[in-house]
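If you want the building blocks of each chain, they are given just below.
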Amino acid sequence: MMFFSTRDSEKKMFKASEVIKQGLASDGGLFVPESIPSVSLEEIQELTKKSYPEIAADILSKFLSDYTYDELLEDAEKAYCQSSFPDGAAPLKKVTDNMYSLELWRGPTAAFKDMALQIMPRLLSRALVKTGETNTALILVATSGDTGKAALEGHKDVDKVKIMVFYPVDGVSKVQKLQMVTQTGSNVNVCAIEGNFDDAQTGVKKIFSDTEAKAKLLENSYILSSANSINWGRLAPQIVYYFHAYCELLKSNEIALGEKVNVCVPTGNFGNIFAAYLAKQMGLPIDKLVCASNSNNILTDFIRTGIYDRNRDFHLTMSPSMDILISSNLERLLYFIAGTEETAEYMRQLNTKGCYKINAKTKAVIDENFAGYFADEAETADTLRKFYEEYGYLADTHTSVALNCADKYIAETNDNKKMIVASTASPYKFAADVYKSLTGKEASDGTAALDELSALTNTEISYPLKDLDKRKVNFDKVIVKEDMLNEVYKFM
Ligand SMILES: *Cc1c(COP(=O)(O)O)cnc(C)c1O
């Protein structure tokens with residue numbers, strides 16, 4: 001399996017290891033596989049007999065063909081081991097008669113990013129060897145909160161790798177911030193940016209396309225790499241849990257083999273839901289993909305109207321990991337539906353006008369696969385309380401957005417297929433807003449909110465978030481976005 005850039009009409013081919021090492025293509029496009037491998041129903045039936053790491057090795061080996069099956073299995077076993085995921089890698093919880101919560105946040109940072117970032121650094125480490133790389137890989141990450149911590153945790157003390165994380169100073173929760181600034185490890189750095197997530201992401205993308213900066217880094221024996229969801233090494237492991245979830249439904253006789261299910265995913269950068277789309281293209285019986293947004297509902301509008309327009313207000317919400325106006329992975333979806341030229345044209349318009357309208361043919365494919373809904377702040381809070389009171393299910397704010405959108409989809413369409421809702425964070429990661437949604441009252445500041453939520457709901461604080469306030473703060477720098485490159489130089 002070879003890969004090329006979404007924007008390269010000549011289709012210059014790269015191996016998977018090369019793609020994981022580079023992260024972003026040099027023309028600014030995203031790497032995509034030359035084809036989408038297929039998985040038969042018989043194979044899905046076989047997967048039900050396998051462990052999570054075995055399913056991961058099976059699915060990943062279809063894309064990462066220059067890794068051996070044994071390499072992938074070894075990495076997956078380490079990534080999804082008992083000590084990192086004490087409750088299993090991605091448990092599926094039945095919430096209502098036909099709704100299931102796929103809990104992707106049982107890992108070491110209590111958010112779904114762990115599902116990819118516990119394995120990707122291992123894949124990167126191998127990629128450096130496979131490509132004969134002698135320089136150190138410098139990972140630059142822009143984060144709206146959860147990626148940063150998960151990337152730090154996944155890459156810390158990994159050989160031949162350094163990692164630097166930029167986060168918007170007022171765009172992450174207190175808990176997220178504490179998780180990042182208390183990070184340990186000899187090869188890590190964390191820096192706050194005055195601005196929002198898009199500023200941070202644009203800044204990182206700029207460094208990636210800065211040839212002068214890259215030359216200077218190379219002189220000092222560094223190459224740039226990325227851990228954002230634009231890296232294929234992040235995306236591929238996210239396909240795995242949709243197969244796993246389907247197998248869980250089969251094993252518990254909730255569905256029959258081949259029966260179609262729907263999936264609802266709370267999305268910002270369009271990474272997680274794009275992975276679900278790929279699973280569907282590979283042959284997993286998924287019917288509709290419900291794209292769930294918060295008040296930054298640019299994707300809802302896009303799916304409904306075919307117009308992507310980022311000229312709009314940016315809202316800070318209680319689901320900050322979805323506060324995004326540029327959904328990078330959408331470029332991959334457009335590529336698979338519309339091809340290189342059409343996609344390049346949309347991206348050009350996005351760059352120049354901040355807006356594009358897809359043609360009718362492309363829109364029809366989107367309509368067939370996707371439904372778009374959003375939940376505003378009041379709806380997110382109400383849904384969180386409703387699911388707790390009526391079904392005893394405690395969700396975080398991002399998951400609540402998805403539960404609300406799943407509810408709306410079912411009410412509007414009467415489509416009663418089983419619905420898998422991706423649950424993307426522990427309620428404790430956003431404890432203050434969860435507490436307020438449940439009680440209508442403000443929780444105490446900082447980590448006290450975690451104890452209050454625990455007392456209120458009689459549930460345990462997620463293991464990675466216990467005693468956060470007792471850890472030492474190692475990073476307190478705040479810079480303007482123009483200084484990002486300088487900070488990178490200082491770190492190297
Ligand atoms: C990152 C994140 C999302 C959005 O993920 P995408 O990659 O944008 O699909 C949703 N919820 C949580 C908790 C996250 O951390």
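Refer to the structure printed above.
Heads up: these notes are all about the structure in this document. Bear in mind the structure is a predicted one, so any value in this text is a computation, not a measurement. (Residues numbered from 1 in each chain as written. Predicted model: local features only at pLDDT ≥ 70, side-chain atom pairs only at ≥ 80, totals over all residues. Heavy atoms only, no water.)

**Description of the pattern of salt bridges**
- Across all of its chains, the model carries 33 salt bridges by this definition.
- Across the pair Lys-93 and Glu-103 runs a salt bridge whose closest N-O atoms are separated by 2.9 Å. Of the two residues, Lys-93 is situated in strand E3 (residues 92-94) and Glu-103 in strand E4 (residues 99-103); the sequence distance between them amounts to 10 residues.
- Of the residues examined, Glu-103 reaches a relative accessible area of 2% and is grouped as buried.
- As a salt-bridge pair, Glu-460 and Lys-466 come within 3.1 Å of each other at their nearest N and O atoms.
- Here Glu-460 falls in the exposed class, since its relative accessible area comes to 61%.
- What makes Lys-466 partly exposed here is its relative accessible area of 35%.
- Taken together, the shared-partner salt bridges connect Glu-74, Asp-75, Lys-78 and Arg-126 into one network. (Salt bridge = Lys/Arg side-chain N within 4 Å of Asp/Glu carboxyl O. Helix = DSSP H or I, 4+ residues; strand = E, 2+ residues; numbered from the N terminus. Buried < 20%, exposed > 50% of the residue type's maximum accessible area, 1.4 Å probe, protein only.)

**A look at the environment of Met-492**
- Along the polypeptide, Met-492 turns up in the segment after helix H21 (484-491).
- Taking the relative accessible area as the measure of exposure, Met-492 reaches 24% and is therefore partly exposed.
- Along the backbone, Met-492 and Glu-442 are 50 residues apart, and their C-alpha atoms lie at a distance of 43 Å.
- Each residue touching Met-492, except ones within four places of it in the same chain, is listed here: Lys-162, Lys-216, Leu-217, Asn-220 and Tyr-222. (Contact = heavy atoms within 4.5 Å.)

**A few points about the site of the ligand**
- Taken together, 15 residues sit near the ligand, with Lys-113, Asp-146, Asn-269, Asn-272 and Thr-424 positioned nearest.
- In this structure, an oxygen atom belonging to the ligand sits 3.0 Å away from a main-chain N or O atom of Asn-272.
- Here Thr-424 contributes a side-chain N or O atom positioned 2.8 Å from a nitrogen atom of the ligand.
- Protein coverage of the free-state accessible area of the ligand, which is 380 Å², stands at 98%. (Near = heavy atom within 4 Å. Polar contact = N/O pair within 3.5 Å; in protein donor to acceptor, adjacent residues only side chain to side chain. Areas by Shrake-Rupley, 256 points an atom, 1.4 Å probe, with all protein chains shown as cover.)

**Description of the packing of aromatic side chains**
- All told, the structure shown has 18 aromatic pairs when counted by the stated rule.
- Ring geometry for Phe-270 and Phe-370: centres 5.8 Å apart, planes at 40°, overall tilted. Residue Phe-270 is found in the loop between strand E9 (261-266) and helix H12 (271-282), and its partner Phe-370 is found in strand E13 (residues 370-374); the two are separated by 100 residues along the sequence. Taken as a pair, Phe-270 and Phe-370 share a single burial class, namely buried.
- An angle of 25° between the planes, with centres 6.2 Å apart, marks the rings of Phe-274 and Phe-336 as stacked. A residue pair is termed long-range when its members are at least 10 positions apart, and Phe-274 in helix H12 and Phe-336 in helix H14 (residues 330-338) qualify at 62 residues.
- Since its relative accessible area comes to 0%, Phe-274 is described here as buried.
- What makes Phe-336 partly exposed here is its relative accessible area of 24%.
- Grouping aromatic residues by their ring pairs yields a cluster made of Phe-4, Phe-270, Phe-274, Tyr-277, Tyr-335, Phe-336 and Phe-370.
- Directly above the ring of Tyr-489 sits Lys-216, whose terminal nitrogen or CZ lies 4.1 Å from the centroid.
- Above the face of the Phe-374 ring, Lys-408 is positioned so that its terminal group lies 5.8 Å from the ring centre. (Phe/Tyr/Trp six-rings, centres within 6.5 Å; stacked < 30°, edge-to-face > 60°. Lys NZ or Arg CZ within 6 Å of the ring centre and 35° of its normal.)

**Description of the packing of H14 against helix H16 (residues 360-369)**
- H16 packs onto H14 with a crossing angle of 110° between their chain directions and a minimal axis gap of 10 Å. Relative to H16, the element H14 is oriented roughly perpendicular. At the point where H14 passes H16, the crossing takes the right-handed sense. Counting all contacts with H14, which are made through Leu-333, Leu-334, Ile-337 and Ala-338, the residues of H16 involved are Thr-362, Val-365 and Ile-366. (Axes fitted to C-alpha atoms, helices over the stretch in contact; angles between N-to-C directions. Parallel < 35°, antiparallel > 145°, perpendicular 65-115°, else oblique. Left-handed = near helix turned anticlockwise from the far one by under 90°.)

**So, the sheet that holds strand E5 (residues 136-142)**
- Taken in spatial order, the five strands line up as E8-E5-E6-E7-E15 in an open sheet, and their pairing is parallel. With one partner strand each, in any of the chains shown, strand E8 (222-226) and strand E15 (478-480) form the two edges of the open sheet. Averaged over all adjacent pairs, the angle separating strand axes in this sheet is 30°, with direction ignored.
- Bridge count for strand E6 (residues 161-168) against strand E7 (residues 188-194) is six bridges, and the pairing is parallel. Bridge pairing links Phe-166 to Cys-191 in E7.
- Of the strands in this sheet, E5 and E8 are in contact with helix H10 (residues 211-219), which crosses E8 at around 125°. (Pairing = 2+ DSSP bridges.)

**Quick look at the pairing of E6**
- In terms of burial, E6 is a largely internal element, eight of the eight residues being buried.
- The side-chain alternation of E6 yields two buried faces, one formed by Val-161, Ile-163, Val-165 and Tyr-167 and the other by Lys-162, Met-164, Phe-166 and Pro-168.
- Here six bridges tie E5 to E6, and the two strands are oriented parallel to one another. Across the sheet, the residue bridging to Leu-138 is Lys-162, located in E6.
- Between E5 and its parallel partner E6, the chain crosses via helix H7 (residues 146-155), and the hand of that crossover is right-handed. (Right-handed = clockwise from strand over helix to strand, strands pointing away.)

**A word on the sheet that holds E9**
- The strand order across the open sheet built from six strands is E3-E4-E14-E9-E10-E13, with neighbouring strands paired in mixed fashion. Taken across any chain shown, the strands that pair with only one partner, and hence form the sheet edges, are E3 and E13. Each strand axis lies, on average, 25° off the axis of its neighbour in the sheet, ignoring direction.
- Note: E9 against strand E14 (residues 419-423), three bridges, orientation parallel. Looking at E14, one finds that Cys-264 is bridged to Val-421.

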